[in-house]
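Given next are the chains, with one letter for each unit.
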Amino acid sequence: MAFDKERMGQKIKMARKEKGFTQERLAEFVGISNRTLNLMEKGKSGMTIETLIKFCNSLDVSPNYMLSYKSDNNRLGDILEGFTPNQKLIIEEFLSAFEKLSDNLYNNE
């Protein structure tokens, strides 16, 4: 499994937008230039471990989320790895509500 700079760039961009940060603001938090962040989000530049940790701290995401690799078998766990923690929470709440609705419909038949 090779390191996927493009996928990590997409995750950085998605988490940045979810937090409401501009590229300028996130670049300032992480201590890099706007241009460097732009290249990272496009998957054209890698980063050091230290920079990865700064991204994780600034965006409130785990290194596991940033480094996770999506397999090709489309298992639910693999699919969920592509979402931010907040998006995962929304999906979990939806699935819980759907399960309760299904149980109610089944019990009323």
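Refer to the structure presented above.
### Brief notes about a positive patch on the surface
(1) Moving on: Together, Lys13, Lys17, Arg35, Lys42 and Lys44 make up a positively charged patch on the protein surface.
(2) Moving on: Within the secondary structure, Lys42 is located in the loop between helix H3 (34-41) and helix H4 (49-59).

### Concerning the nonpolar core
(1) Moving on: Judged by nonpolar contacts, the single largest core of 17 residues is most densely connected at Ile12, Leu26, Phe55, Leu59 and Met66.
(2) Moving on: Counting only elements with at least two residues in this core, the list comes to helix H1 (5-19), helix H2 (23-30), H3, H4 and helix H5 (63-67).
(3) Moving on: Here the element with the most residues in this core is H4; it accounts for four residues.
(4) Moving on: Beyond its immediate stretch of four places on either side in the chain, Leu59 contacts Ile12, Ala15, Arg16, Lys19, Phe21 and Leu26.

### What about the pattern of salt bridges?
(1) Moving on: Taken as a whole, this structure holds two salt bridges when the rule is applied.
(2) Moving on: The partner of Glu41 in a salt bridge is Arg16, with the nearest N and O atoms 2.6 Å apart. Here Arg16 lies in helix H1 and Glu41 lies in helix H3, a separation of 25 residues in the sequence. Taken individually, Glu41 and Arg16 each receive the classification buried, so the pair is uniform in this respect.
(3) Moving on: Taking the shortest distance from any N to any O, the salt bridge between Asp60 and Lys19 comes out at 2.5 Å. Of this pair, Asp60 sits in the loop between H4 and H5 while Lys19 sits in helix H1; the two residues are 41 residues apart in sequence, bridging distant segments of the chain.
(4) Moving on: Take Asp60: its relative accessible area is 52%, and that puts it in the exposed class.
(5) Moving on: Assessed through its relative accessible area of 35%, Lys19 is described here as partly exposed.

### Some remarks on the packing of aromatic side chains
(1) Moving on: Scanning all chains against the criterion turns up one aromatic pair.
(2) Moving on: Plain terms: the ring middles of Phe21 and Phe29 are 5.3 Å apart, the flat faces sit at 70 degrees to each other, and that makes the pair edge-to-face.
(3) Moving on: By relative accessible area, which is 10% here, Phe21 ends up buried.

### Here's the deal with a nonpolar patch on the surface
(1) Moving on: On the surface, Phe94, Leu95, Phe98 and Leu101 cluster together into a nonpolar patch covering about 420 Å² of accessible area.
(2) Moving on: Within the secondary structure, Phe94 sits in helix H7 (residues 85-107).
(3) Moving on: By relative accessible area, which is 54% here, Phe94 ends up exposed.

### Some points on the environment of Ser45
(1) Moving on: The topology assignment puts Ser45 in the loop between H3 and H4.
(2) Moving on: With relative accessibility at 21%, the residue Ser45 sits in the partly exposed group.
(3) Moving on: Residues Ser45 and Gly9 lie 36 residues apart in sequence; the distance between their C-alpha atoms is 8.7 Å.
(4) Moving on: In this view, Ser45 contacts Lys5, Leu39 and Met40; residues no more than four positions away in its chain are not counted.

Parameters and conventions
- Residues numbered from 1 in each chain as written.
- Predicted model: local features only at pLDDT ≥ 70, side-chain atom pairs only at ≥ 80, totals over all residues.
- Heavy atoms only, no water.
- Patch = residues over 30% accessible without salt bridge, like charges linked within 9 Å, V, L, I, M, F, W, Y side chains within 5 Å.
- Areas by Shrake-Rupley, 256 points an atom, 1.4 Å probe, with all protein chains shown as cover.
- Salt bridge = Lys/Arg side-chain N within 4 Å of Asp/Glu carboxyl O.
- Lys, Arg positive; Asp, Glu negative; His and termini not counted.
- Charge placed at Lys NZ, Arg CZ, Asp CG, Glu CD.
- Helix = DSSP H or I, 4+ residues; strand = E, 2+ residues; numbered from the N terminus.
- Core = buried A, V, L, I, M, F, W, Y, C linked by side-chain atoms within 4.5 Å.
- Buried < 20%, exposed > 50% of the residue type's maximum accessible area, 1.4 Å probe, protein only.
- Contact = heavy atoms within 4.5 Å.
- Phe/Tyr/Trp six-rings, centres within 6.5 Å; stacked < 30°, edge-to-face > 60°.

The values reported here are purely geometric and, on their own, carry no functional implication.
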